[in-house]
Amino acid sequence: GLHQGHHQTNNRAFCSADEINSQICVRNILSSLSLPCRQPKPLYNEQTTMAGVEKDPLTFIKEFVSVLLLVFSLIVVHALIIDEQTNLSENVHPALAAVALWGALLWLSMVEGSQASMVGLPPVDRELYRESHPIAYKICERGHKGDNLDRYLMGRQFMVLALVFVINMSGAPIADADVLNLPTPLANCFLKSGLAMILFTCMIGQLNTQVNASHCMLDYLNDHFATFTVWVAMGIEASGLLHASYLIQMIVAKLAGKPVESNEEPRDAFGNICYWGKIVFSCAFLIFAFTVTLSALFDGKTTMWEGVPTVIAVIFFFGLMSVVGMLEGMQIAFFAVAKITEEERNANVWAKWACELLFGNGGRGLPGFMIGRQLCVVSCFFVIARVTTVDIEDDEDNVLGVGDGAQKFFETGLLGALITTIVASIAWQLVAGAFPLTFLGNPITYGLLRICLFLEATGICSGAWALAALHKSIAGFQKDEVYIGTAEERAALGRGDKSGADGAGHVTGFVPAGQENPLYKEKYNPSSYSEQRAMTLTKIAKMRAEIKETEDGDHKESLETHLKLEIEHLKTINTQQEEHEAHEQERLGTGKEYDTEQDEA
């Protein structure tokens, strides 16, 4: 009888701070109400994601070998820094280069982990974790308002690229680097190919945090470092640096024949001036970034490997950006087609083969692709950073004849990060979101999918699972179900998750909380609120009776907690009815007074 998922309650979380470390509260409440209590279904197999669970021998071997490779990579990278054989340690003290490396890496881990939390939490009623996770509540309250989630995701994408470029400057070897007297084959494998940096960044800075954040969204986001990260991402978007993406968004929406949907009120005249001014600024800056980068490439003034012809370097640059774009778009397209029927997905033979890999065998292909994709994308990022980062010798002229200050700015690699963010990432995501079936049904997608699945199958990044288990144990992370129950439990308590429709120009399809209550779109019916009150009063009466009868202290305490929740919920029903009634009167423009005396009684 309840309109699940649309209650804007002021209730406290399921459990108090002392009860958070167990599931007794939620489980006892559900058992007292004779409601189903289902165990959470994790996205990844428990065998591979949680510590203390028995693994098959092959999985154990993969993780063990992967961890050894990671340890060796750490030794190699730090030896390079100490010997001043990286781009940054050549110019500053090695200790500062090491600080920059680890600072960027740890920040990258927060950027990657907070993304999982920010994208995963919009459907959940925030009031359920207001007291247990106050920082996460404040972040989501602001971050999920209007179109702020899209703004955060756009700024976050630039942060990932910028941080990877900093990591590359701090830890990647210079030309002809030689460290630890490594044999030539080993040096070529770990140094010249960049494998050491790729493993180092993927396992520590990305995959392990994504694993934990996908299950422990609340704990991961409940941190002031997360607050700082989210605000920086939104500040980057507000600067207008990436607003060229909105022009691409409009073009893609036009081609798709869909309007660009927004969760906010239309901009006023001043807002439009600022908006279009930022778009013009962003497009001009993007053109400038391309001019500087291509000029440096043609003049041989980048950190590109020596001996590579200029034309090949330029082709390599655009080719890698296309590969990154395909991988970014594939991620969006695969999640989009997961929600449609098999018949619709199998539009042609390439789409059918791709779907068999993704959704066959119990659906293991999709998480496998995500791991292999991460490895591919980071590899491309490092190569692009090497190709686009400007670097001149002492006796060479500055790029385009600019001053020394501007030249130092060029050498930060931020221009390459901007180009890659807009042209090789966001643009492709928008296209894939508008045309997912077209993305799915082409041979290039199928080929890249095969490569990603092969990389995941090698187990080269399996050490991320071990790191995730260690991180989870040290940080004390708990699954979200401990605090807010499963989706089924929340629905059973009348606080089900919200959902939203997909629209052109959005990476996510959820309608953020704080918009107009969907109930107001329905015809006002006082009897529906009466039914809700009757059901809530019945629950209250039943719980009060059981509180008197029970002798179990924990059970009694959990019932008393839930009794307070239901009493608050009763008040909320009355408030909702008043607001709905007022909204209906305003809509009709009659000012008619409804007789709710009987309902209030």
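No experiment lies behind these values; they were computed from the predicted model shown.

Quick look at the overall build of the chain
Then, in step 1: The secondary structure content of the chain amounts to 26 helices and zero strands.
Then, in step 2: When burial is assessed residue by residue, the chain has 51% of its 601 residues classed as buried.
Then, in step 3: A separation threshold of at least 6 residues defines the contact pool for the chain, and within that pool the share at least 24 residues apart is 83%.
Then, in step 4: Split by element, the accessible area of the chain, about 27,700 Å² in all, is 59% carbon and sulfur.

Some details on unusual backbone geometry
Then, in step 1: The backbone of E84 shows a phi angle near 60°, a positive value even though the residue is not glycine.
Then, in step 2: Here E84 shows up in the loop between α3 (57-82) and α4 (94-120).
Then, in step 3: The backbone of L180 sits at a positive phi, close to 60°, despite the residue not being glycine.
Then, in step 4: Looking at the element boundaries, L180 is found in the loop between α6 (148-171) and α7 (184-192).

Side note on the packing of aromatic side chains
What characterises a pair of aromatic rings is the spacing of the ring centres plus the angle enclosed by the ring planes.
Then, in step 1: Under the definition given, this model contains 18 aromatic pairs.
Then, in step 2: Ring centres of W102 and F200 lie 5.5 Å apart, and the angle between their planes is 90°; on these two criteria the pair is classed as edge-to-face. With W102 in helix α4 and F200 in helix α8 (residues 195-215), the pair connects residues that are 98 residues apart, well separated along the chain.
Then, in step 3: Judged by centre distance (5.2 Å) and plane angle (80°), the rings of W350 and W353 are edge-to-face. Remark: W353 and W350 occur in helix α15 (residues 349-359); sequence separation between them is three residues, near one turn of the helix.
Then, in step 4: Take W350: its relative accessible area is 30%, and that puts it in the partly exposed class.

Comments concerning the packing of α6 against helix α18 (residues 414-434)
Axis angle and axis distance: for two packed helices, these are the angle between their axes and the distance between the axes, and together they describe the pair.
Then, in step 1: The geometry of α6 relative to α18 is characterised by a closest axis approach of 9 Å and an angle of 135° between their N-to-C directions. Classed by the angle they form, the pair α6 and α18 counts as oblique. Here α6 and α18 pass one another in a crossing that is right-handed. Along the contact surface, α6 presents M154, Q157, F158, L161, A162 and F165, while α18 presents L414, G416, A417, L418, T420, T421, S425, I426 and Q429.
Then, in step 2: Classifying every residue of the contact of α6 with α18 gives nine nonpolar, six polar and no charged.

A short note on the pattern of salt bridges
Then, in step 1: Within this structure, the stated rule accounts for four salt bridges.
Then, in step 2: Two residues, R373 and E328, come together in a salt bridge whose shortest N-O distance is 2.9 Å. Separated by 45 residues along the polypeptide, R373 in helix α16 (residues 365-388) and E328 in helix α13 (residues 310-337) bring together distant segments of the chain. For the pair formed by R373 and E328, the shared burial category is buried.

Section: the confidence of the model for the chain
Then, in step 1: Averaged over the chain, the pLDDT score is 76; the fraction of residues at 70 or greater is 80%.
Then, in step 2: Confidence, read as mean pLDDT per element, is least for helix α1 (residues 24-32) in the chain (36) and greatest for helix α10 (residues 224-238) (93).
Then, in step 3: Confidence drops under pLDDT 50 across residues 508-522; counting only partners more than four residues distant or on other chains, this segment forms 44 contacts.

Focus on α15
Then, in step 1: Within α15, the full set of buried residues consists of A351, A354, C355 and L358. In an axial view of α15, the angular spread of the buried residues amounts to 100°, which keeps them on one side of the axis.
Then, in step 2: Measuring from the backbone nitrogen of W350 back to the side-chain oxygen at the start of α15 gives 3.0 Å, which picks out N348 as the cap.

Let's talk about the environment of M321
Then, in step 1: Here M321 is to be found in helix α13.
Then, in step 2: Considered as a pair, M321 and F381 are 60 residues apart in the sequence and their alpha carbons are 8.7 Å apart.
Then, in step 3: Sequence-distant contacts of M321, defined by excluding residues within four places in its chain, comprise F290, I384, I419, T420, V423, A424 and W428.

Comments concerning the environment of L74
Then, in step 1: Tracing the chain through its elements places L74 in helix α3.
Then, in step 2: Contact partners of L74, with chain neighbours within four places excluded, come to W102, F200 and I204.

With respect to a negative patch on the surface
Then, in step 1: The grouping of D83, E84, E90, D176, D299, E306, D391, E393, D394, D395, E396 and D397 at the surface amounts to a negative patch.
Then, in step 2: Relative to the assigned elements, D397 resides in the loop between α16 and α17 (404-410).
Then, in step 3: Here D397 falls in the exposed class, since its relative accessible area comes to 59%.

Quick look at the environment of I248
Then, in step 1: For I248, the position within the fold is in helix α11 (residues 244-256).
Then, in step 2: Residues I248 and I422, 174 residues apart in the sequence, show an inter-C-alpha distance of 9.2 Å.
Then, in step 3: Among all residues touching I248, those that are not within four sequence positions of it are I422, A427 and L430.

As for the state of the cysteines
Then, in step 1: Counted by the stated rule, this structure contains zero disulfides.
Then, in step 2: Of all cysteine sulfurs, the one in C461 lies closest to C202, which takes part in no disulfide; the gap is 4.8 Å.

Concerning the side chain of E328
Then, in step 1: Residue class for E328 comes out buried when judged on its relative accessible area of 3%.
Then, in step 2: At a separation of 3.3 Å, a polar atom in the side chain of E328 contacts the side chain of Q157.
Then, in step 3: Not counting the four nearest positions on each side in its chain, E328 is found in contact with Q157, R373, V377, F381, A424, S425 and Q429.

A closer look at a nonpolar patch on the surface
Then, in step 1: Together, F60, I61, F64, V65 and L68 give the surface a local cluster of nonpolar side chains, amounting to about 500 Å² of exposed area.
Then, in step 2: With respect to the helices and strands, F64 occurs in helix α3.

Rules used throughout
Residues numbered from 1 in each chain as written. Predicted model: local features only at pLDDT ≥ 70, side-chain atom pairs only at ≥ 80, totals over all residues. Heavy atoms only, no water. Helix = DSSP H or I, 4+ residues; strand = E, 2+ residues; numbered from the N terminus. Buried < 20%, exposed > 50% of the residue type's maximum accessible area, 1.4 Å probe, protein only. Contact = heavy atoms within 4.5 Å. Areas by Shrake-Rupley, 256 points an atom, 1.4 Å probe, with all protein chains shown as cover. Phe/Tyr/Trp six-rings, centres within 6.5 Å; stacked < 30°, edge-to-face > 60°. Axes fitted to C-alpha atoms, helices over the stretch in contact; angles between N-to-C directions. Parallel < 35°, antiparallel > 145°, perpendicular 65-115°, else oblique. Left-handed = near helix turned anticlockwise from the far one by under 90°. Nonpolar A, V, L, I, M, F, W, Y, C, P; charged D, E, K, R; others polar. Salt bridge = Lys/Arg side-chain N within 4 Å of Asp/Glu carboxyl O. pLDDT = per-residue confidence, 0-100. Arc of directions from axis to C-beta. Polar contact = N/O pair within 3.5 Å; in protein donor to acceptor, adjacent residues only side chain to side chain. Patch = residues over 30% accessible without salt bridge, like charges linked within 9 Å, V, L, I, M, F, W, Y side chains within 5 Å. Lys, Arg positive; Asp, Glu negative; His and termini not counted. Charge placed at Lys NZ, Arg CZ, Asp CG, Glu CD. Disulfide = S-S within 2.5 Å.

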